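# Fold and geometry: a report
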Protein chains: 2
Amino acid sequence: MRRSQDQRKAETRQRLLQAAGELIAERGVAGASVDALADAADRTSGAIYAHFGDKEGLLVALLDEWKDATGDAVRAEYEATDDEGARFAALWRNFVSPPPNASDAWVLLEHELWLYACRNERARSRVAARYDDARRALAQTLHASDGTSAEEVAALFIALMIGLEMQRRLDPDAITDETALAGLRALAHLRQPAENV
Amino acid sequence: MRRSQDQRKAETRQRLLQAAGELIAERGVAGASVDALADAADRTSGAIYAHFGDKEGLLVALLDEWKDATGDAVRAEYEATDDEGARFAALWRNFVSPPPNASDAWVLLEHELWLYACRNERARSRVAARYDDARRALAQTLHASDGTSAEEVAALFIALMIGLEMQRRLDPDAITDETALAGLRALAHLRQPAENV
DNA sequence: TGATTTCCGTAACGATCCCTATATAAAGCT
DNA sequence: AGCTTTATATAGGGATCGTTACGGAAATCA
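Residues numbered from 1 in each chain as written. Chains lettered and ligands numbered in written order. Predicted model: local features only at pLDDT ≥ 70, side-chain atom pairs only at ≥ 80, totals over all residues. Heavy atoms only, no water.

### Focus: the protein's contact with DNA strand C
Taken together, 19 residues lie near DNA strand C, and Val-34 and Lys-55 of chain A together with Thr-12, Thr-44 and His-51 of chain B sit nearest. Protein-adjacent atoms of DNA strand C, using a 4 Å cutoff, are sugar or phosphate at a proportion of 83%. Contributions of two or more residues to the surface near DNA strand C are made by helix H3 (45-52) of chain A together with helix H1 (5-27) and helix H3 (45-52) of chain B. Considering each element in turn, the surface near DNA strand C owes the most residues, four residues, to H1 of chain B. Broken down by class, the residue content of the surface near DNA strand C amounts to three nonpolar, nine polar and seven charged. (Near = heavy atom within 4 Å. Helix = DSSP H or I, 4+ residues; strand = E, 2+ residues; numbered from the N terminus. Nonpolar A, V, L, I, M, F, W, Y, C, P; charged D, E, K, R; others polar.)

As structure tokens, this is what we get:
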């Protein structure tokens, strides 16, 4: 089969990015060598350097691609119901046990890249933008039922789910679904601080 | 000055552990080489291998030492006031900008070791125990004002603070103190799910 | 005080790692 | 069909890493 250069290049880039996501989630940024990353994509290190310049360039590109593909899948399942409890449950379930087709360990990759961004100028702004997008997307999905700022609630939601998943990953019994849902409900209905004024 | 072997050994161990905490927070587990770790403690790699066997042994020892020294400092400042708002504010402030004497980047170290534990059998149980201790200590401090499980609220508190600090570290303007405190208040007073039954 | 043990410094090895320079094969062009 | 360009493979260098083997000085013991 004949394929154009552009097709070949695009496919290689795609393979490299996907393999990077999976392997880094599994082994960490430092634990995934350039050769291993290329190998996982059925290419060689030469392809990585031709596409991204260096290892950091691959990571930055990985962040850029992820930036866009965040909120869509979440929103679909979220809006399948009208009941608030079921909605929050869907949100939480999606977070702690993502659909098996998606890379199982994307939360690990998230932490890995966050940590990388904390120490790397170039990556920091990208990860920050990614979180900003996530907040906005979730805020739009929640569409501000109360007078409180939707983006504020979104930030709290994301924070709570990340923190709970961290604890649960180490000890699955430490965090029950009921606890998580109760927390989300409480945050969703936060009132102005001065209820008693 | 004459010093006994035990004193010398104990001091070396102490120096190695403290230097490890600081350097790993700064560079990450993989980024802090054994020689660099020893250097930061004014020792050489030989000392590390004599004390801990290998690099992983040093990390495990670091986790064990940390396990104990968690909740005490928090509790003191927390109980300085009776007002709930001021208490939560102290908790949050302590988390996002720890006292300058303590290693500034201990939250980074926390993430670093959590990520390490996710991929390492031997470390996982220790970090899990550490989180369990943190939950219990905070639960005891909150001393269950409502009928809800104090440990449940503690888990939610920790989760929220971790997640908010992650977002704030990338973008200090993303999370205001008011948002954080509103979230803590909401979680503190979570009622049973069925308020309407 | 001489012998022994303990603690840690020193030196070096093999394995990896990131990256560069160059080769190769396919596609595009005329 | 030749010539050029592009995309990736190949080979290898220089640096760094974790680890081990051994040496030497101080403390302990007799």
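### Details of the interface of chain A and chain B
With 42 residues of chain A at the contact, the number on the chain B side is 42 residues. Between chain A and chain B the total buried area reaches about 3,700 Å² when both faces are included, carbon and sulfur atoms providing 72% of it. Looking only at chain A, the three residues that lose the most surface to chain B are Trp-114, Arg-119 and Leu-170 of chain A, adding up to 20% of its buried area. Counting the contacts that link chain A with chain B gives two salt bridges. For Arg-119 of chain B, the salt bridge goes to Glu-112 of chain A, with nearest N and O atoms at 2.9 Å. On inspection of chain A and its partner chain B, the count reaches 16 residue pairs in polar contact (both at pLDDT 80 or more). Breaking the side of chain A that touches chain B down by element, the ones donating at least two residues are helix H1 (5-27), helix H7 (106-118), helix H8 (121-142), helix H9 (150-170) and helix H10 (177-188) of chain A. (Contact = heavy atoms within 4.5 Å. Buried area = accessible area lost by both parts, 1.4 Å probe. Salt bridge = Lys/Arg side-chain N within 4 Å of Asp/Glu carboxyl O. Polar contact = N/O pair within 3.5 Å; in protein donor to acceptor, adjacent residues only side chain to side chain.)

### A few points about the packing of aromatic side chains
All names here are of chain A. Using the criterion set out here, one finds four aromatic pairs over all chains in the structure. Ring centres of Phe-88 and Phe-157 lie 5.3 Å apart, and the angle between their planes is 75 degrees; on these two criteria the pair is classed as edge-to-face. Of the two residues, Phe-88 sits in helix H6 (residues 84-96) while Phe-157 sits in helix H9, which places them 69 residues apart along the sequence. We classify Phe-88 as buried; its relative accessible area is 3%. (Phe/Tyr/Trp six-rings, centres within 6.5 Å; stacked < 30°, edge-to-face > 60°. Buried < 20%, exposed > 50% of the residue type's maximum accessible area, 1.4 Å probe, protein only.)

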